[in-house]
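Understanding the architecture of this molecule
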Amino acid sequence: QKEVEQNSGPLSVPEGAIASLNCTYSDRGSQSFFWYRQYSGKSPELIMFIYSNGDKEDGRFTAQLNKASQYVSLLIRDSQPSDSATYLCAVNRGRDDKIIFGKGTRLHILP
Amino acid sequence: DVKVTQSSRYLVKRTGEKVFLECVQDMDHENMFWYRQDPGLGLRLIYFSYDVKMKEKGDIPEGYSVSREKKERFSLILESASTNQTSMYLCASSAGNTIYFGEGSWLTVV
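The numbering scheme is per chain: residues are counted from 1 as the chain's sequence reads. Numbering of ligands from 1 and lettering of chains from A proceed in the order in which they are written. Only residues with pLDDT of at least 70 get local features here, since the model is predicted, and only at 80 or more are side-chain atom pairs given and counted; chain-wide, interface and lining totals rely on the full set of residues. Only heavy atoms go into the side-chain values, all of them from the structure, while hydrogens and water stay out.

**Topic: the overall build of chain A**
Numbering of helices and strands runs from the N terminus, with a helix taken as a DSSP run of H or I at least four residues long and a strand as a DSSP run of E at least two residues long. Assigned secondary structure in chain A consists of 0 helices and 11 strands. Starting at the N terminus, the α and β elements of chain A follow one another as β-β-β-β-β-β-β-β-β-β-β. As a reference, a globule follows 2.2 Å times the number of residues to the power 0.38, and the radius of gyration itself is taken over C-alpha atoms. Taken over the C-alpha trace, chain A has a radius of gyration of 13 Å; the compact-globule value for 111 residues is 13 Å, and the two agree within 12%. Principal-axis analysis of the C-alpha atoms gives chain A an extent of 45 × 30 × 20 Å.

See the structure below:
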């Protein structure tokens, strides 16, 4: 089992709809969870982090964490063409405190 | 804002050359990292450092070394570049768990 798994996509979503990006992780001791956005040819930029079970909202973005299911997701409301990018899930691995990245999901917002 | 600066954005080097990639951060972060990113393989950690003169191997350290003589500067060294080291290299720094990336260095080894 990979430590941090994401569907590679591409995930195509119509403009204005909700985009849902999912991530699972293997280490039950993980405590911190991050979502990065990476445009083509650019470096990843942090868009959200979440530490506690439940939802965390920031503008059009909502991160959801379910530690029992080892699952973290990112919802993007009112999707815009500028949201088209690769989204990387990152998890702080509990046993050694390292940050482990998933391979990313490519999101394409259809105008 | 956190700023992580990679001085070389695009490099072309010959096989066997020694290559230096420099990274500087301006937020007094203790932790610094070097990753490489390749299509289909995602981000892979090469080396990281928790303090000046300290270094730890990441997942793919072979063929690389690092230097951290000052807190703000973390250098990646390719002792003898090979074509399979053609990649995008990302430097990052962190305070606590949150990692901030530089703009990346695109290295082509011919």
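**Concerning the state of the cysteines**
Any pair of cysteine sulfurs within 2.5 Å is marked as a disulfide. One pass over the full model with this rule turns up 2 disulfides over all chains. Each sulfur of the disulfide joining Cys23(A) and Cys89(A) lies 2.1 Å from the other. Looking down the S-S bond of the Cys23(A) and Cys89(A) bridge, the torsion is -70°, so its handedness is left-handed. Remark: Cys89(A) occurs in strand 9 (residues 85-92) and Cys23(A) occurs in strand 3 (residues 19-25); sequence separation between them is 66 residues. In terms of burial, Cys23(A) and Cys89(A) fall into one category: buried. Across the disulfide from Cys23(B) sits Cys91(B); the S-S distance is 1.8 Å. Judged by the torsion about the S-S bond (-80°), the Cys23(B)/Cys91(B) disulfide is left-handed. Within this pair, whereas Cys23(B) is found in strand 4 (residues 23-25), its partner Cys91(B) is found in strand 10 (residues 87-95), the two being separated by 68 residues in sequence. Residue Cys23(B) shares its accessibility class with Cys91(B), and that shared class is buried. Buried residues are those whose accessible area, probed at 1.4 Å on protein chains only, stays under 20% of the maximum for their type, while exposed residues exceed 50% and partly exposed ones sit between those limits.

**Quick notes on the nonpolar core**
In plain words, nonpolar cores are sets of buried Ala, Val, Leu, Ile, Met, Phe, Trp, Tyr and Cys residues tied together by side-chain atoms within 4.5 Å. In this structure, Trp35(A), Val72(A), Leu74(A), Ile76(A) and Tyr87(A) are the most contacted members of the largest nonpolar core, which totals 24 residues. Those elements that place two or more of their residues in this core are strand 3, strand 4 (33-38), strand 5 (45-50), strand 7 (61-66), strand 8 (71-76), strand 9 and strand 11 (105-110) of chain A. Residues Leu11(B), Phe74(B), Leu76(B) and Ala81(B) belong to the second largest nonpolar core, which totals 20 residues.

**Some words on the interface of chain B and chain A**
It only takes one pair of heavy atoms within 4.5 Å for two residues to be counted as in contact. Contacts between the two partners involve 17 residues from chain B, matched on the other side by 17 residues from chain A. Buried surface at the junction of chain B and chain A, summed over both partners, amounts to about 1400 Å²; 54% is from carbon and sulfur atoms. Per-residue buried area on chain B facing chain A is highest for Leu43(B), Asn97(B) and Phe101(B); these three make up 34% of the total on that side. We count a salt bridge whenever a side-chain nitrogen from Lys or Arg sits within 4 Å of a carboxyl oxygen from Asp or Glu. The tally of links from chain B across to chain A stands at 0 salt bridges. Defined in terms of a 1.4 Å probe, buried area is the accessible area two parts forfeit on being brought together, summed over both.

**Some remarks on the pattern of salt bridges**
Residues and elements named next belong to chain B. For the coordinates displayed, the defined rule picks out 9 salt bridges over all chains. For Arg-44, the salt bridge goes to Asp-38, with nearest N and O atoms at 2.9 Å. Given the relative accessible area of 24%, Arg-44 is considered partly exposed. For Lys-53, the salt bridge is made with Glu-69, and the minimal N-O distance between the two is 2.5 Å. Taken as a pair, Lys-53 in the loop between strand 6 (42-49) and strand 7 (56-57) and Glu-69 in strand 8 (residues 64-70) lie far apart in primary sequence, 16 residues in all. Judged by relative accessible area, Lys-53 falls into the exposed class, the value being 60%. Its relative accessible area of 51% is what places Glu-69 among the exposed residues. Connected via shared salt-bridge partners are Arg-36, Asp-38 and Arg-44.

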